[in-house]
Amino acid sequence: VRAWFAQSTSRRLAFIADGARYVGSLTPSDVAGDGDPQRPAAEVAQDGPTVASAGSAEKRMCVTSATVSPSAWSILSRATTQS
(Lines give C-alpha, C1' and ligand atoms only; values in the text may rest on other atoms or scores of the structure.)
Protein backbone atom coordinates (compact mmCIF):
# COMPACT_ATOMS: atom_id res chain seq x y z
CA VAL A 1 0.00 0.00 0.00
CA ARG A 2 2.91 2.35 0.70
CA ALA A 3 4.16 1.88 -2.85
CA TRP A 4 0.67 2.56 -4.23
CA PHE A 5 0.47 5.85 -2.32
CA ALA A 6 4.01 6.76 -3.41
CA GLN A 7 3.05 6.53 -7.09
CA SER A 8 0.96 9.71 -6.91
CA THR A 9 0.40 12.49 -4.40
CA SER A 10 -3.25 12.57 -5.44
CA ARG A 11 -3.76 9.15 -3.87
CA ARG A 12 -5.07 9.98 -0.42
CA LEU A 13 -7.36 7.07 0.43
CA ALA A 14 -7.11 3.34 -0.22
CA PHE A 15 -10.07 1.02 0.26
CA ILE A 16 -9.18 -2.43 1.53
CA ALA A 17 -11.34 -5.46 0.73
CA ASP A 18 -11.24 -9.16 1.49
CA GLY A 19 -12.92 -10.62 -1.57
CA ALA A 20 -16.20 -8.73 -1.85
CA ARG A 21 -16.18 -7.65 1.83
CA TYR A 22 -15.10 -4.12 2.77
CA VAL A 23 -12.44 -4.25 5.47
CA GLY A 24 -11.54 -0.61 5.90
CA SER A 25 -9.59 2.28 4.48
CA LEU A 26 -6.09 3.68 4.77
CA THR A 27 -4.54 7.10 4.32
CA PRO A 28 -0.85 7.69 3.65
CA SER A 29 -0.36 8.60 7.33
CA ASP A 30 -1.78 5.22 8.38
CA VAL A 31 1.10 3.43 6.65
CA ALA A 32 3.88 6.01 7.13
CA GLY A 33 6.77 5.47 9.47
CA ASP A 34 8.65 2.44 10.65
CA GLY A 35 5.77 -0.05 10.70
CA ASP A 36 6.32 -3.60 9.49
CA PRO A 37 6.06 -3.52 5.67
CA GLN A 38 4.96 -7.17 5.73
CA ARG A 39 1.99 -6.51 8.00
CA PRO A 40 -1.30 -7.06 6.13
CA ALA A 41 -3.06 -3.82 5.19
CA ALA A 42 -6.30 -5.20 6.65
CA GLU A 43 -4.71 -5.15 10.13
CA VAL A 44 -3.92 -1.45 9.84
CA ALA A 45 -7.08 -0.35 7.99
CA GLN A 46 -9.55 1.93 9.76
CA ASP A 47 -13.10 0.67 9.62
CA GLY A 48 -15.83 3.23 9.25
CA PRO A 49 -19.56 3.52 8.76
CA THR A 50 -21.00 1.18 6.17
CA VAL A 51 -24.44 0.67 4.69
CA ALA A 52 -25.71 -2.72 3.58
CA SER A 53 -26.38 -3.02 -0.14
CA ALA A 54 -30.08 -3.40 0.70
CA GLY A 55 -30.01 -0.05 2.51
CA SER A 56 -31.85 2.93 1.11
CA ALA A 57 -30.17 5.27 -1.35
CA GLU A 58 -30.94 8.14 1.02
CA LYS A 59 -29.07 6.44 3.88
CA ARG A 60 -26.10 5.63 1.62
CA MET A 61 -25.89 9.26 0.54
CA CYS A 62 -26.01 10.48 4.16
CA VAL A 63 -23.18 8.17 5.22
CA THR A 64 -21.17 9.09 2.15
CA SER A 65 -21.62 12.85 2.53
CA ALA A 66 -20.61 12.66 6.20
CA THR A 67 -17.35 10.80 5.52
CA VAL A 68 -16.07 11.99 2.13
CA SER A 69 -14.21 15.19 1.29
CA PRO A 70 -16.07 17.79 -0.79
CA SER A 71 -13.81 17.24 -3.83
CA ALA A 72 -14.48 13.49 -3.81
CA TRP A 73 -18.19 14.11 -3.20
CA SER A 74 -18.71 15.51 -6.71
CA ILE A 75 -17.20 12.36 -8.25
CA LEU A 76 -19.33 10.09 -6.06
CA SER A 77 -22.45 12.08 -6.83
CA ARG A 78 -21.93 11.72 -10.57
CA ALA A 79 -21.25 7.98 -10.23
CA THR A 80 -24.36 7.48 -8.09
CA THR A 81 -26.66 9.31 -10.47
CA GLN A 82 -25.33 7.37 -13.46
CA SER A 83 -26.00 3.92 -11.97
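Calculation criteria
- Residues numbered from 1 in each chain as written.
- Predicted model: local features only at pLDDT ≥ 70, side-chain atom pairs only at ≥ 80, totals over all residues.
- Heavy atoms only, no water.
- Helix = DSSP H or I, 4+ residues; strand = E, 2+ residues; numbered from the N terminus.
- Contact = heavy atoms within 4.5 Å.
- Patch = residues over 30% accessible without salt bridge, like charges linked within 9 Å, V, L, I, M, F, W, Y side chains within 5 Å.
- Areas by Shrake-Rupley, 256 points an atom, 1.4 Å probe, with all protein chains shown as cover.
- Salt bridge = Lys/Arg side-chain N within 4 Å of Asp/Glu carboxyl O.
- Phe/Tyr/Trp six-rings, centres within 6.5 Å; stacked < 30°, edge-to-face > 60°.
- Buried < 20%, exposed > 50% of the residue type's maximum accessible area, 1.4 Å probe, protein only.
- Pairing = 2+ DSSP bridges.
- Core = buried A, V, L, I, M, F, W, Y, C linked by side-chain atoms within 4.5 Å.

## Focus: the environment of Leu13
Stage number 1. Turning to its location among the elements, Leu13 is positioned in the loop between helix H1 (2-6) and strand S1 (14-18).
Stage number 2. The spatial distance from the C-alpha of Leu13 to the C-alpha of Thr27 is 4.8 Å, given a sequence separation of 14 residues.
Stage number 3. Setting aside its immediate chain neighbours within four residues, Leu13 contacts Trp4, Phe5, Ser25, Leu26 and Thr27.

## Quick notes on a nonpolar patch on the surface
Stage number 1. On the surface, Leu13, Phe15 and Tyr22 cluster together to form a nonpolar patch covering roughly 310 Å² of accessible area.
Stage number 2. Inspection of the secondary structure puts Phe15 in strand S1.

## Topic: the packing of aromatic side chains
Within a pair of aromatic rings, the relevant descriptors are the distance that separates the centres and the angle that separates the planes.
Stage number 1. Tallied over the entire structure, the rule returns 1 aromatic pair.
Stage number 2. Ring centres of Trp4 and Phe5 lie 5.2 Å apart, and the angle between their planes is 65°; this geometry places the pair in the edge-to-face category.
Stage number 3. On the accessibility criterion, Trp4 (35% relative accessible area) is partly exposed.
Stage number 4. A residue is classified by how much of its surface remains accessible, and Phe5, at 8% relative accessible area, is buried.

## Some thoughts on the pairing of strand S2 (residues 21-26)
Stage number 1. Of the strand pairs in this sheet, S1 and S2 are connected by 5 bridges, and their pairing is antiparallel. Within S2, the residue paired with Ala14 across the bridge is Leu26.
Stage number 2. The hairpin formed by S1 and S2 contains 2 residues between the paired strands, and Gly19 there has a positive phi angle of roughly 70°.

## Some points on the nonpolar core
Stage number 1. Counting residues in each nonpolar core, the largest one holds 7 residues, listed as Phe5, Ala14, Ile16, Val23, Leu26, Val31 and Ala45.
Stage number 2. Breaking this core down by element, the ones donating at least two residues are S1 and S2.
Stage number 3. Other than its neighbours up to four places away in sequence, Ile16 contacts Val1, Arg21, Tyr22, Val23, Gly24, Leu26, Ala41, Ala42 and Ala45.

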